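Each chain, written out:
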Amino acid sequence: MAVTQENVAVNGSGRSSSQEIADVLRERIRVGELKAGDRLPTQAELAEEFGVERGAVRQALRALQEDGLLSNVSKGSPPRIAAPAPARGAPQPAMVALAPG
């Protein structure tokens, strides 16, 4: 991915905080640039893109996972964009088992 102006921190330092990284990735998911099932770049690639240490990337990924936006957040493979959660109040599919008869 190319480094874009949106990746430059608003405080002018050129460094992004974990919150800013999470916000940029959230926006990419929201606009469909990243879709359910897509793999994110590796932590090293994201750290290079945003000009931060990998710890800041890990914090951002944890925040996105807590928000339910990422799945498969573990060491060894990049996380994937999670499928969107059903809207509140929407009918939920039910698992029903029939008793042997």
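Placed above this text is the structure.
Report follows, based on the coordinates.

Quick look at the packing of helix α2 (residues 43–50) against helix α3 (residues 54–66)
Close contact between α2 and α3 brings their axes to 9 Å; oriented N to C, the two are set at 110 degrees. The orientation of α2 relative to α3 falls into the category roughly perpendicular. Residues Gln-43, Ala-44, Leu-46 and Ala-47 of α2 form the contact with α3, whose own contacting residues are Arg-54, Val-57, Arg-58 and Leu-61.

Some words on the environment of Ala-36
Along the chain, the position of Ala-36 falls in the loop between α1 (18–30) and α2. Relative accessible area serves as the criterion here: at 46%, Ala-36 is assigned to the partly exposed category. Along the sequence, Ala-36 and Ile-81 sit 45 residues apart, while their C-alpha atoms lie 4.7 Å from each other. If we ignore the near neighbours within four places in the chain, the residues touching Ala-36 are Ile-81, Ala-82, Ala-83 and Pro-84.

Analysis parameters
- Residues numbered from 1 in each chain as written.
- Predicted model: local features only at pLDDT ≥ 70, side-chain atom pairs only at ≥ 80, totals over all residues.
- Heavy atoms only, no water.
- Axes fitted to C-alpha atoms, helices over the stretch in contact; angles between N-to-C directions.
- Helix = DSSP H or I, 4+ residues; strand = E, 2+ residues; numbered from the N terminus.
- Parallel < 35°, antiparallel > 145°, perpendicular 65-115°, else oblique.
- Contact = heavy atoms within 4.5 Å.
- Buried < 20%, exposed > 50% of the residue type's maximum accessible area, 1.4 Å probe, protein only.

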